[in-house]
Structure formats: C-alpha cells, structure tokens
Amino acid sequence: MKLIIPIAPKPQSRPRFTKYRKTPYEETAMKSYKNAVKYHAMATKPLLIEKGPVMVDVCFFIYPPAYISKVKKNRTLLDDETMYCDKKPDIDNYFKAVTDAVNGILYKDDGQIAMNVSRKIYSWNPRTEIEIQPL
C-alpha cells in the first residue's frame, strides 16, 4: 500500500517540560503536523495490518535551501528529484514523526515495523511518500 502525504516533512521534536508541569508535552506545531498526517492517511481508507511484521519504505522530499537551489548544476538534480539531503535534521526524527502519526491507522502498533528504508531527497514539491508491506 502506497500513501502520499502532500505536506512538507517535519522532524519529531523533543518532549518539552515546564517548571510547573513535570510531565512531558509535545509542541503545538508537532501535534498539528501529526494530526494532518493522520488525516491524509485516513482519507485513503487503508486496510489496517492487524498482526505480523511489516516493512516501511519512506521517502521524505524536502524543499532545498537557497544556497543549493541557486547553483545551476543542481537545478537538473532538483527537477529530477535525485539529489539526496545530507543536512540536519536527522532522518530518524522524520521517520519517528511519521510512524507515530500513522500508528493505529496503517498498522496496529509501530512495534510491528521489522524493516525500514528511509530517504531524504531535495525536491521543489515537498511531501512524504510511505509504502507499507506485510513481511
């Protein structure tokens, strides 16, 4: 099953604490991103994978910064979506945010993920593409 989320990827933020509130909480921007990912995942009406291991293939398309997009030789790579992103934030933070958001929608629990493939690619069209297959 393949799913395209037409929102710019956002990395998982660290849990926040306040002086008065001892329990961790999540930033509002992160909550709204996860809710948007959930909405797009539920809109496709996927079949829930109840049990068994799953393989998750995720490709994060990230809008390029100005110093990359202004170089002429990079423009064809950006148009073809073949230029990999090697800058921060880390790919595992992107992966964590998306897999937490679709938990319970595409698969029952994220503990079912036995294999994952993740990529960060620069693109003029930021989005996230997820492919999930039972193993």
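It should be emphasised that the depicted structure is a prediction, and the values quoted were computed from it without experimental measurement.

Nonpolar side chains tend to gather and get buried jointly when the protein is soluble and globular. Core analysis: the biggest nonpolar cluster contains 29 residues, and Val56, Leu106, Tyr107, Ile130 and Ile132 have the highest contact counts within it. Of all the elements in the fold, those that place two or more residues in this core are strand E1 (2-5), helix H1 (28-43), strand E2 (54-62), helix H4 (91-101), strand E3 (113-122) and strand E4 (127-134). Val56 has contacts with Phe95, Ile113, Met115, Asn116, Val117, Ile130, Glu131 and Ile132, leaving out every residue within four places of it along the chain.

For Gln12, the location among the structural elements is in the loop between E1 and H1. Note on Gln12: relative accessible area 17%, which makes it buried. Ignoring anything within four residues of it in the chain, the contact list for Gln12 reads Glu26, Met30, Lys34, Asn93, Tyr94, Lys96, Ala97 and Asp100.

On to the side chain of Asn74, then. Note that Asn74 resides in helix H3 (residues 72-80). By relative accessible area, Asn74 is classed as buried at 9%.

Okay, the sheet that holds E1 next. Backbone-to-backbone hydrogen bonds pair the strands of a sheet. The strands run either parallel or antiparallel. Spatially, the 4 strands line up as an open sheet ordered E1-E4-E2-E3, and their pairing is mixed. Of all strands in the sheet, those with a lone pairing partner are E1 and E3, marking the two edges. When strand polarity is set aside, the average angle formed by the axes of neighbouring strands in this sheet is 15 degrees. By the bridge criterion, 8 bridges tie E2 to E4 in an arrangement that is antiparallel. The partner of Phe61 across the bridge, within E4, is Arg127. Strand contacts of H4: E2, E3 and E4, with the helix running at about 120 degrees to E3, the strand carrying the most contacts.

What counts and how
Residue positions are counted from 1 within each chain, in the order its sequence is given. This being a predicted model, a pLDDT of at least 70 is required before a residue's local features are given, and a value of 80 or more before pairs of side-chain atoms are given or counted; all residues contribute to the totals for chains, interfaces and linings. Calculation of side-chain values draws on the structure's entire complement of heavy atoms; hydrogens and water are dropped beforehand. Only buried Ala, Val, Leu, Ile, Met, Phe, Trp, Tyr and Cys residues count toward a nonpolar core, and they belong to the same one when joined by side-chain atoms within 4.5 Å. Partly exposed describes any residue whose relative accessible area lies between the buried limit of under 20% and the exposed limit of over 50%, with all areas from a 1.4 Å probe on protein chains only and scaled to the type maximum. Secondary structure elements are defined from DSSP: runs of H or I of at least 4 residues count as helices, runs of E of at least 2 residues count as strands, and each element is numbered from the N terminus. In what follows, a contact means two residues having at least one pair of non-hydrogen atoms within 4.5 Å. DSSP bridges decide pairing: two strands pair if at least two such bridges lie between them. Axis definition: a line fit to C-alpha positions, over the contact stretch in the case of helices; interaxial angles, taken between N-to-C directions, run 0 to 180 degrees.

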